[in-house]
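Observations on the three-dimensional arrangement
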Amino acid sequence: MNWGFENRMSKLFKPDGHCFYLAMDHGYFLGATHSLENVGKTFEPLAPYCDAVFVPRGSLRNTVPPTTNVPIILRVSGGQSIASDDLTNEEWTVSIDEILRLNVSSVGYSVYLGSQHEHQTLMGLNKLVNACAPYGIPVMAVTAVGRELAQKKETRFLTMACRVCAEAGADVVKTYYCENFEEVVEGCPVPVVIAGGPKTDSQLEVLEFVHDGMQRGSAGVNLGRNIWQDACPTGMARALQAVIHEEATPKDAYDIYLSMKSKAKA
Ligand code: 5RP
């Protein structure tokens, strides 16, 4: 048994096998995104609801208190910004020494399958897994799509992408919600978590796709904008926690959201 690995995984997944990761890594290519100008400040009221937070090292070192009890998933890929035409030209960015020094529970790395940087990003995942395995650091692969979200949010593509990442040694795979999500889960030998996607104006829509994904075998979510860009971020976080860990229906969770929102206004 690899005790360190099992210990980290037990923090990343609750006893029900589910997980709620808060994605706050966007700054690594988007810069100071709205509501994420200061990651630590936005994170503080949301911390009680999530099981881990996904952040780049700059925000972690400078804005998240080292006293936090929330497990950290460190973003360890990058190399492009939104100012560039091609968002896929990424590499592994954070050394294993720094990963260990930051005492993180996991690392997150994007793979751009079907892009001109497929080989580079997939080989980077293999090398990252090789570097993390001796230290028991779980690796979360992100099936990233750059600017081609619409074309690549297709079940067949995502099923292939998740399996390829798992075969490279990823311990968890994060991917987009799609139709027949159970096909993605069935083809992937490690837990699959759902990414968020663009901000929507309908909280119920988010709660519904998360609920459906969970029913179809997803282990949980890694969501960002639909939480911290919402009018009531804590309400959205609490509502998602209820869907993920308490078997709440989307309607029940939405009622939780509305009640927290009206209390916050009062
Ligand atoms: C960005 C990411 C994000 O973590 C992921 O997309 C989830 O965030 P959101 O819910 O805002 O889409 O990997 O590269």
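Structure shown above.
What counts, and where the lines are drawn
- Residues numbered from 1 in each chain as written.
- Predicted model: local features only at pLDDT ≥ 70, side-chain atom pairs only at ≥ 80, totals over all residues.
- Helix = DSSP H or I, 4+ residues; strand = E, 2+ residues; numbered from the N terminus.
- Buried ≥ 20, exposed ≤ 12 C-beta atoms within 10 Å, placed from the backbone.
- Contact = placed C-beta atoms within 7 Å.
- Axes fitted to C-alpha atoms, helices over the stretch in contact; angles between N-to-C directions.
- Parallel < 35°, antiparallel > 145°, perpendicular 65-115°, else oblique.
- Left-handed = near helix turned anticlockwise from the far one by under 90°.
- Nonpolar A, V, L, I, M, F, W, Y, C, P; charged D, E, K, R; others polar.
- Pairing = 2+ DSSP bridges.
- Right-handed = clockwise from strand over helix to strand, strands pointing away.
- Near = placed C-beta within 6 Å.
- Core = buried A, V, L, I, M, F, W, Y, C linked by C-beta atoms within 7 Å.
- Expected span 1.5 Å × (residues − 1).

This next bit is on the overall build of the chain. Helices and strands together make up the secondary structure of the chain, namely 13 helices and 10 strands. Within the chain, the proportion of its 266 residues that are buried is 47%. At a minimum sequence separation of 6, the contacts of the chain that also span at least 24 residues come to 67%.

What follows covers unusual backbone geometry. One non-glycine residue, N103, lies in positive phi territory at about 55°. By the secondary structure assignment, N103 is in the loop between α5 (96-101) and β6 (106-111). The phi dihedral of E247 falls on the positive side, at around 55°, and the residue is not glycine. Counting through the fold element by element, E247 comes out in the loop between α12 (233-245) and α13 (250-265).

Once that is clear, we can look at the packing of α12 against α13. For the pair α12 and α13, the least separation of the axes is 8 Å and the interaxial angle reads 155°. Our classification of the angle between α12 and α13 gives roughly antiparallel. Between α12 and α13 the crossing geometry is right-handed. Counting all contacts with α12, which are made through T234, G235, M236, R238, A239, A242 and V243, the residues of α13 involved are P250, D252, A253, Y254, I256, Y257, M260, K261 and A264. Looking at the contact of α12 with α13 residue by residue, the class counts come to 11 nonpolar, two polar and three charged.

Taking every second residue as pointing to the same face, both faces of strand β8 (residues 172-175) are buried, with V172 and K174 on one and V173 and T175 on the other. Taken together, the three bridges between strand β7 (residues 139-143) and β8 define a ladder with parallel strand orientation. When the bridges of β8 are listed, M140 appears paired with V172. With three bridges joining them, β8 and strand β9 (residues 192-195) adopt parallel strand pairing. Across the sheet, K174 pairs through a bridge with V193, a residue of β9. Running through helix α9 (residues 181-186), the crossover from β8 to the neighbouring parallel element β9 is right-handed.

The subject of this paragraph is the sheet that holds strand β1 (residues 19-23). An order of β1-β2-β3-β6-β7-β8-β9-β10 is seen for the eight strands of this closed barrel, with the pairing classed as parallel. Each strand of the sheet is rotated relative to its neighbour by a mean of 25°, with strand direction disregarded. Sheet analysis places strand β3 (residues 72-75) next to β6, joined by three bridges and oriented parallel. Bridge pairing in β6 places I73 opposite S106. Running at roughly 165° to β6, helix α6 (residues 118-132) makes contact with β6 and β7 of the sheet. Here helix α8 (residues 155-167) sits on the sheet and contacts β6, β7, β8 and β9; the angle it forms with β8, its principal contact strand, is near 155°.

Below, the discussion takes up the site of the ligand. In the vicinity of the ligand, 13 residues are found, and the nearest of them are A23, G196, L223, G224 and R225. Looking at the shell around the ligand, the elements that each hand over two or more residues are β10 (220-223) and α11 (225-228). A breakdown of the residues in the shell around the ligand according to their chemical character gives five nonpolar, six polar and two charged.

Before going further, it helps to examine the packing of helix α10 (residues 203-215) against α12. One way to put it is that α10 packs onto α12 with a least axis distance of 10 Å and a crossing angle of 25°. Classified by the angle between their axes, α10 and α12 sit roughly parallel to one another. The handedness of the crossing between α10 and α12 comes out as right-handed. For the pair α10 and α12, the contacting residues are Q203, L207, V210, H211 and M214 in the first and M236, A239, L240, V243 and I244 in the second. Across the contact of α10 with α12, the residue classes break down as eight nonpolar, two polar and no charged.

What follows covers the nonpolar core. Note on soluble globular proteins: their nonpolar side chains tend to be buried together. Core analysis: the biggest nonpolar cluster contains 79 residues, and Y21, V107, V139, A141, A170, A239 and L240 have the highest contact counts within it. Looking at which element gives the most residues to this core, the answer is α12, with seven residues. Sequence-distant contacts of V107, that is, excluding residues within four places in its chain, are made with I73, L74, V76, I99, L128, C132, I137, V139 and M140.

To continue, consider α8. In a regular helix each residue adds 1.5 Å, so 13 residues correspond to 18 Å; α8 covers 18 Å between its end C-alpha atoms and thus fits that length. Buried within α8 we find F157, L158, T159, A161, C162 and C165. Immediately downstream of α8, the backbone of G169 shows phi near 115°, a positive value.

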